[in-house]
Amino acid sequence: FRRVLFRSDIVDLEIKEDSYIFTDLMVDVLVYPDGHVEVLDLDEFADVSEEDMIDKKTCLKVLRRTNTLLQRIYTGKFSELTAHIDKAENTYGIS
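Now for a look at the structure at hand. Keep in mind that what you see is a predicted model, and the values were worked out from it rather than measured. (Residues numbered from 1 in each chain as written. Predicted model: local features only at pLDDT ≥ 70, side-chain atom pairs only at ≥ 80, totals over all residues. Heavy atoms only, no water.)

## Notes on the pattern of salt bridges
Part 1 of the argument: Under the counting rule described, the total for this entry stands at 6 salt bridges.
Part 2 of the argument: Note that lysine 61 and aspartate 12 form a salt bridge whose closest N and O atoms lie 3.1 Å from each other. One end of the pair, lysine 61, is in helix 2 (residues 56–74); the other, aspartate 12, is in strand 1 (residues 6–15), and 49 residues separate them in sequence.
Part 3 of the argument: On the basis of relative accessibility, which here comes to 24%, the residue lysine 61 falls in the partly exposed class.
Part 4 of the argument: Three or more residues are tied together by salt bridges with common partners; here these are Arg7, Asp9 and Asp28. (Salt bridge = Lys/Arg side-chain N within 4 Å of Asp/Glu carboxyl O. Helix = DSSP H or I, 4+ residues; strand = E, 2+ residues; numbered from the N terminus. Buried < 20%, exposed > 50% of the residue type's maximum accessible area, 1.4 Å probe, protein only.)

Take a look at the structure:
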């Protein structure tokens with residue numbers, strides 16, 4: 001068992017008048033406390049792409065979002081994304 005510091009799901013967000021709809025786009029990125037990074041489910045994503053179960057526009061969106069997230073992680077800017085979570089945890093005593 002290995003503790004994960006952050007799990008980032010690549011998602012689509014649709015905002016409705018009174019709700020938020022999140023669609024999981026299959027690819028996940030795990031960041032471990034020691035800085036190790038793991039990208040999950042690329043094989044499944046490739047399978048659904050190959051079988052035309054996902055359109056080209058969505059496929060490219062997933063790849064670009066994953067790349068953007070990984071670039072932030074690799075360049076030390078991931079904390080910019082996690083600062084809001086850290087602040088909430090500190091404010092509400094969540095750990």
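## Here we look at the side chain of threonine 66
Part 1 of the argument: Topologically, threonine 66 is positioned in helix 2.
Part 2 of the argument: Apart from residues lying up to four places away in sequence, threonine 66 is in contact with Ile10, Val27 and Val29. (Contact = heavy atoms within 4.5 Å.)

## What to know about the nonpolar core
Part 1 of the argument: Ranked by size, the top nonpolar core spans 16 residues in total, and within it Ile10, Val29, Phe45, Val62, Leu69, Ile73 and Phe78 carry the most contacts.
Part 2 of the argument: Elements with a minimum of two residues in this core: strand 1, strand 2 (20–31), helix 1 (42–50) and helix 2.
Part 3 of the argument: Per element, the largest residue contribution to this core is 5 residues, and it comes from helix 2.
Part 4 of the argument: The residues contacting phenylalanine 78, other than those within four sequence positions of it, are Phe6, Ser8, Val31, Leu69, Arg72 and Ile73. (Core = buried A, V, L, I, M, F, W, Y, C linked by side-chain atoms within 4.5 Å.)

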